[in-house]
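Close look at the chain arrangement
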Amino acid sequence: MTSSGYDAGTAAAYREAREIPREGLPAWRQAIAEEAGLAPGMTVLDVGAGTGAFATAFHDWFGVRVVAVEPAVAMRELIPAHPAVEVREGRAEALPVADASADAAWLGSVVHHLDDLAAAARELRRALRPGAPVLIRNSFPGRSERDLRIRFFPETAESVAGYPTVDEVTTAFATAGFRRTALRALPQQSAPTLADFARRLRREADTKLRALDDAAYARGLARLHAAASASPEEPATSWMDLLVLR
Ligand SMILES: C[S@@+](CC[C@H](N)C(=O)[O-])C[C@H]1O[C@@H](n2cnc3c(N)ncnc32)[C@H](O)[C@@H]1O
């Protein structure tokens, strides 16, 4: 799906269902702090910023200025106005920023949307200061079995199988002079309980769930509700990868 897949309805559903509550991200905050060394006065490029949840989190966590680049107007319009977050229309393959103007780049659930990873890597090499990290948060083929969507909707693994692999991303970025410095699987708490997770779920907000037929979606929902009844206290913990290139 291209960015044009995010219209006003899917953008609103994305905000409601896919933004991870800030309190569910301590492992991500810690890992980003360790990998990126961000400090007030620095600039982070949030590429494919969506509805801006991470853009504002980067500012609140690290005191940085954020340039949020997002091609879909419906997503951009939902990024909260914030003096430290500058929103720009643009794409990873043609970043609307000056050369060597950023201290880190963040791509959250974006690499599988890119048509030309090598072009994006070249643009990031141009936009980042030498040695600055590219922080990629994504599901990757062969590493996503602890994603809650895959646990309850196992057919979504077919979508992830078509995403770029860690090696493909690493190779594309190597052509632009980056090398991989970290790959970490990290937990996030998507909701306090599985029942809360089920209540927040919006099929239209997720390309993986949209790819399922109605019967597969209904089977997944039934599995999720059964697990929520069997383990009412279980937090809705999902895992994704942080891939870092410099
Ligand atoms: C799954 S959303 C992730 C949004 C946000 N990063 C987050 O983690 O909540 C993917 C986003 O990538 C954007 N996108 C699609 N193609 C893109 C491109 N070529 N360059 C930059 N962003 C793109 C979409 O418009 C969408 O907002």
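Residues numbered from 1 in each chain as written. Predicted model: local features only at pLDDT ≥ 70, side-chain atom pairs only at ≥ 80, totals over all residues. Heavy atoms only, no water.

The sites that UniProt annotates as "domain: Methyltransferase type" (unreviewed entry) are residues 45–134. Secondary structure content for residues 45–134 is 28% helix and 20% strand, and the end C-alpha separation is 9 Å. (UniProt positions renumbered as here; feature names shortened; annotations may be inferred. Helix = DSSP H or I, 4+ residues; strand = E, 2+ residues; numbered from the N terminus.)

Let's shift gears to the pattern of salt bridges. Under the definition given, this model contains 18 salt bridges. Taking the shortest distance from any N to any O, the salt bridge between Arg 65 and Glu 86 comes out at 2.9 Å. Linking Arg 65 in strand β2 (residues 65–69) with Glu 86 in strand β3 (residues 85–88), this pair joins segments that are 21 residues apart in sequence. Residue class for Arg 65 comes out partly exposed when judged on its relative accessible area of 35%. Taking relative accessible area as the criterion, Glu 86 reaches 31% and is therefore assigned partly exposed. Glu 86 is the partner of Arg 88 in a salt bridge, and the nearest nitrogen-oxygen pair spans 2.7 Å. If you follow the salt bridges from partner to partner, you end up with Glu 34, Glu 35 and Arg 184 in one network. (Salt bridge = Lys/Arg side-chain N within 4 Å of Asp/Glu carboxyl O. Buried < 20%, exposed > 50% of the residue type's maximum accessible area, 1.4 Å probe, protein only.)

All right, on to the packing of helix α5 (residues 117–127) against helix α8 (residues 166–174) then. At their nearest, the axes of α5 and α8 sit 8 Å apart, and the two run at 50° to each other. Taken together, α5 and α8 sit at an angle that is classed as oblique. Pair α5 / α8 crosses with right-handed handedness. Listed contacts from α8 to Leu 117, Ala 118, Ala 121 and Leu 124 of α5 are Val 169, Ala 172 and Phe 173. Looking at the contact of α5 with α8 residue by residue, the classes come out as 7 nonpolar, no polar and no charged. (Axes fitted to C-alpha atoms, helices over the stretch in contact; angles between N-to-C directions. Parallel < 35°, antiparallel > 145°, perpendicular 65-115°, else oblique. Left-handed = near helix turned anticlockwise from the far one by under 90°. Contact = heavy atoms within 4.5 Å. Nonpolar A, V, L, I, M, F, W, Y, C, P; charged D, E, K, R; others polar.)

Turning our eyes to something else, we now look at helix α3 (residues 53–62). Burial runs high along α3: 7 of the 10 residues are buried. Just past α3, the residue Gly 63 takes up positive phi, approximately 70°.

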